[in-house]
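These are the residues of each chain, in order.
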Amino acid sequence: MTKGLPRRVRRGGALAAFGLLLALVAFWTWFALAEAIGREPGWWGHLLLPLAPLYALTVLAWFKPRLGGALLLGAGIAAAWFFASPGAWALLAGPAVVLGAAIALLGVSAPLRSNVS
C-alpha cells in the first residue's frame, strides 16, 4: 500500500514507529515492575502475564511487520473493548492501534538493516 513512498521515507517511518513501540514496551515494563514491587513473593505471574504478549508482538512486528502490525492493531482494539475507560484507551489501546496500523502499512521489516523490503 505504501510502495509508492520513497525508500527513505518508508524506512524512516518504520524506524520512528518501532522506536515508539519500544518506548511503549519500556513504559509498560516499568509500570508492571513498579506495580509488582512490594507484593507477595508470587509477583512474577502478575508481571509476565500482561508483558509476554506485548514482547511477542514487538518481536513479531520486527521480523514480520505486516502480520505483527495487524496483530498489534487487533490487540489494541481488543484492549479498547475490554477496558472500557478513557485512561486505558489513551495509554493502552490508542498507542497499540496507531503503531500497529503504521507498522502494518509501512511493512518494512527490521528498519536498521540496509536491505529494505
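How each quantity is defined
Residues numbered from 1 in each chain as written. Predicted model: local features only at pLDDT ≥ 70, side-chain atom pairs only at ≥ 80, totals over all residues. Heavy atoms only, no water. Helix = DSSP H or I, 4+ residues; strand = E, 2+ residues; numbered from the N terminus. Buried < 20%, exposed > 50% of the residue type's maximum accessible area, 1.4 Å probe, protein only. Contact = heavy atoms within 4.5 Å. Areas by Shrake-Rupley, 256 points an atom, 1.4 Å probe, with all protein chains shown as cover. Phe/Tyr/Trp six-rings, centres within 6.5 Å; stacked < 30°, edge-to-face > 60°. Axes fitted to C-alpha atoms, helices over the stretch in contact; angles between N-to-C directions. Parallel < 35°, antiparallel > 145°, perpendicular 65-115°, else oblique. Left-handed = near helix turned anticlockwise from the far one by under 90°. Nonpolar A, V, L, I, M, F, W, Y, C, P; charged D, E, K, R; others polar. Core = buried A, V, L, I, M, F, W, Y, C linked by side-chain atoms within 4.5 Å.

(A) Geometry of the overall build of the protein. Each helix and strand counted, the protein has four helices and zero strands in total. Listing every helix and strand of the protein by position from the N terminus yields α-α-α-α. With 117 residues in all, the protein has 32% of them scored as buried. For the protein, the share of sequence-separated contacts (at least 6 apart) that also reach a separation of at least 24 residues comes to 69%. Counting only carbon and sulfur atoms, one obtains 76% of the accessible surface of the protein, whose full area is about 7,200 Å².

(B) Region of the structure containing the packing of aromatic side chains. What the rule picks out here adds up to six aromatic pairs. Ring centres 5.2 Å apart and planes at 75 degrees place the aromatic pair Trp28 and Phe31 in the edge-to-face group. In this pair, Trp28 and Phe31 both sit in helix α1 (residues 7–36), three residues apart, roughly one turn of the helix. Using a relative accessible area of 18% as the deciding quantity, one classes Trp28 as buried. Between Phe82 and Phe83 the ring centres are 4.8 Å apart and the planes differ by 90 degrees, which places this aromatic pair in the edge-to-face class. Ring pairs connect the aromatic residues Phe27, Trp28, Trp30 and Phe31, which therefore count as one cluster.

(C) Representation of the packing of helix α3 (residues 65–82) against helix α4 (residues 86–106). As a packed pair, α3 and α4 sit with axes 7 Å apart at the nearest point and diverge in direction by 155 degrees. Classed by the angle they form, the pair α3 and α4 counts as roughly antiparallel. Seen along the crossing, α3 lies across α4 with a hand that is left-handed. In this structure, α3 contributes Pro65, Arg66, Gly69, Ala70, Leu72, Leu73, Gly76, Ile77, Ala79 and Ala80 to the contact, and α4 contributes Trp89, Leu92, Ala93, Ala96, Val97, Leu99, Gly100, Ala101, Ile103, Ala104, Leu105 and Leu106. A breakdown of the residues in the contact of α3 with α4 according to their chemical character gives 18 nonpolar, three polar and one charged.

(D) Seen up close, the nonpolar core. In terms of nonpolar packing, the biggest core is built from 18 residues, with Phe18, Leu21, Leu72, Leu99 and Ile103 touching the most fellow members. Of all elements in the fold, only α1, α2 (43–63) and α4 reach the threshold of two or more residues within this core. For this core, the element with the most residues is α1, which contributes eight residues.

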